[in-house]
Amino acid sequence: MLDIFDYINHRLGNSIQDGYLISTKYLAKTYGKAYGRLASKDEPYDRHSLMSVFSRFISNRLEKFVREYSPDLIIGTHSYAGICISILADNAAIDCPSVGIVTDFTVHPFWESTFLDYYVIPDEQIAFEMQKKGIARKKLLPLGIPVRKQFSEKIERNEARAALGIEDIPTVLVMMGSMGYGNIKQLLAEIESSAYDFQILCVCGSKKKIKSAVDEYDWKKKVYSYGFVDNVDVMMDAADFIITKPGGLTTSEALAKGLPMITMNPIPGHEDRNLGFLVNNGAAIMVNKNFTIAEAVNLILGCPWRRELMEESVRHLGKRTAAHDLYEFCVKKVEEKSASI
């Protein structure tokens, strides 16, 4: 695995990551507008644009590494990585199959400037948007966003709850991202106002202050709080539904686990589009100013037919075997390439 920016310059990699976190958390509206303008572009970027010049610079720095490594196949999990792979192929620096992976339920900016052999998309419905960007239908692989093996397997709820050491009663999982986006304490207060009987698993992420605030409060319902965890797969198995931001990876994991969602606080841009995809397909309930989290919880717990419809939609959208299917496809392409030499 190679982080392009970190390979070129460690400070550059950290700066880009920090810039993304700051812009999405503190300049969300500005980020969303910029994303919207970029996403609306269907034609490749001009070779003399600033983006193209910067991309050629990065690709030239990568060329020595790629030639020495001599890969049998290259996978890019970001549109910008796809641009660099395309430039390397155009410069004859690589001669192997290339695969791009779209990691949200939308088409990110810059995919239109890539020229890869294949593109993994999260669902067949994304094919139309990809074709608008000029990517041929025959290149599209609707395998789903790959998730770890733990999310491709499922254990019974009572077993998962026993593994976590919690009661075997209806369970709500609350996750707002590793950075702890949103006012989780206020969110929990609204959730527990519901008259239904349930317990809450609250993952606070890496922010210790958020976890401390949750731990110190005297909740009416049973609330289990966690910091940064590595057993989210077990928590999903234990839960009846999840309340979360509509990030691409988290929602893919929830879909693979067959878990209905209540979604809120999307980052403007790609998460807005994830939210639209999930709600339009009936896999999630959207919370906004006009429909509160308390109303959403009451709907999913008090309306059996609505929950059944959500569970059915989740079953259709979940791609549990995405990683395995991608592996099988890549092995096949490498074997075909070797046989042709």
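Summary of the structure given here. Being a predicted model, the structure only gives us computed values, none of them experimental.

1. Quick look at the nonpolar core
Argument step 1. Judged by nonpolar contacts, the single largest core of 61 residues is most densely connected at Met130, Leu173, Leu201, Met235, Met236, Ile242 and Leu255.
Argument step 2. Here this core gets seven residues from one element, more than from any other, and that element is helix α5 (residues 79–90).
Argument step 3. What Leu201 contacts, discounting residues up to four positions off in sequence, is Leu164, Ile166, Thr171, Val172, Leu173, Val174, Tyr224, Tyr226, Met235 and Ala238.
Argument step 4. Counting residues in each nonpolar core, the second largest holds 26 residues, with Ile191, Cys202, Cys204 and Ile210 among its members.

2. Points about the pairing of strand β8 (residues 241–244)
Residues in a regular strand project their side chains so that they alternate between the two faces of the sheet.
Argument step 1. Burial along β8 is two-sided: the residues Phe241 and Ile243 and Ile242 and Thr244 are all buried.
Argument step 2. Relative to β8, strand β5 (residues 171–175) runs parallel, the two being bridged by four bridges. Counted as the bridge partner of Met175 is Thr244 from β8.
Argument step 3. Direction of pairing for β8 relative to strand β9 (residues 261–263): parallel, over a ladder of three bridges. Bridge pairing links Thr244 to Thr263 in β9.
Argument step 4. Handedness of the crossover joining β8 and β9 through helix α12 (residues 248–256) is recorded here as right-handed.

3. Remarks on the state of the cysteines
Argument step 1. According to the stated counting rule, one finds zero disulfides in the structure shown.
Argument step 2. Cysteine Cys84 remains unbridged, with the sulfur of Cys96 as its closest cysteine sulfur at 15 Å.

4. Let's talk about helix α14 (residues 293–302)
Argument step 1. For α14, the set of buried residues is Ile293, Ala294, Ala296, Val297 and Ile300. Down the axis, α14 shows its buried residues gathered within 160° of arc, on one side only.
Argument step 2. Buried residues belonging to α14 abut α9 (184–191), β8, β9, β10 (284–286) and α15 (304–317).

5. What to know about the pairing of strand β7 (residues 223–226)
Argument step 1. Both faces of β7 are covered, namely the face carrying Val223 and Ser225 and the face carrying Tyr224 and Tyr226.
Argument step 2. Sheet analysis places strand β6 (residues 199–203) next to β7, joined by four bridges and oriented parallel. By the bridge assignment for β7, Ile200 is matched with Val223.
Argument step 3. Handedness of the crossover joining β6 and β7 through helix α10 (residues 208–216) is recorded here as right-handed.

6. Some points on the sheet that holds β5
Two strands in a sheet stick together by hydrogen bonds in their backbones, pointing the same way (parallel) or opposite ways (antiparallel).
Argument step 1. Read across the sheet, six strands follow the order β7-β6-β5-β8-β9-β10 without closing on themselves; strand pairing throughout is parallel. This sheet does not close on itself; its edge strands, each paired only once, are β7 and β10. Ignoring which end each strand starts from, the neighbouring axes of this sheet average 20° apart.
Argument step 2. Pairing of β5 with β6, which is carried by five bridges, proceeds in the parallel orientation. Note that in β6 the partner of Val174 across the bridge is Cys202.
Argument step 3. The sheet strands contacting α9 are β5, β6, β7 and β8, and the helix crosses β6 at an angle near 165°.
Argument step 4. Lying on the sheet, helix α13 (residues 270–280) is in contact with β9 and β10; it crosses β10 at an angle near 120°.

7. So, the pattern of salt bridges
Argument step 1. In total, this model carries 18 salt bridges according to the counting rule given.
Argument step 2. Between Asp240 and Arg307 there is a salt bridge, with the nearest N and O atoms lying 3.0 Å from each other. Taken together, the residues Asp240 in the loop between α11 (232–238) and β8 and Arg307 in helix α15 connect sequence positions 67 residues apart.
Argument step 3. Several salt bridges converge on common partners, so that one network encompasses Arg157, Arg161, Asp168, Asp240, Arg307 and Glu311.

8. Some details on the layout of surface pockets
Argument step 1. There is about 310 Å³ of room inside the second largest pocket.
Argument step 2. Breaking the lining of the second largest pocket down by element, the ones donating at least two residues are α4 (50–69) and α5.
Argument step 3. In terms of residue class, the lining of the second largest pocket is built from six nonpolar, five polar and three charged.

The rules behind these values
Residues numbered from 1 in each chain as written. Predicted model: local features only at pLDDT ≥ 70, side-chain atom pairs only at ≥ 80, totals over all residues. Heavy atoms only, no water. Core = buried A, V, L, I, M, F, W, Y, C linked by side-chain atoms within 4.5 Å. Buried < 20%, exposed > 50% of the residue type's maximum accessible area, 1.4 Å probe, protein only. Helix = DSSP H or I, 4+ residues; strand = E, 2+ residues; numbered from the N terminus. Contact = heavy atoms within 4.5 Å. Pairing = 2+ DSSP bridges. Right-handed = clockwise from strand over helix to strand, strands pointing away. Disulfide = S-S within 2.5 Å. Arc of directions from axis to C-beta. Axes fitted to C-alpha atoms, helices over the stretch in contact; angles between N-to-C directions. Salt bridge = Lys/Arg side-chain N within 4 Å of Asp/Glu carboxyl O. 1 Å grid on protein atoms, 1.4 Å probe; cavity = no way out; pocket = protein on both sides within 12 Å on 5 of 7 lines; lining within 4 Å. Points joined across faces, edges and corners; volume = space filled by probe spheres on them. Nonpolar A, V, L, I, M, F, W, Y, C, P; charged D, E, K, R; others polar.

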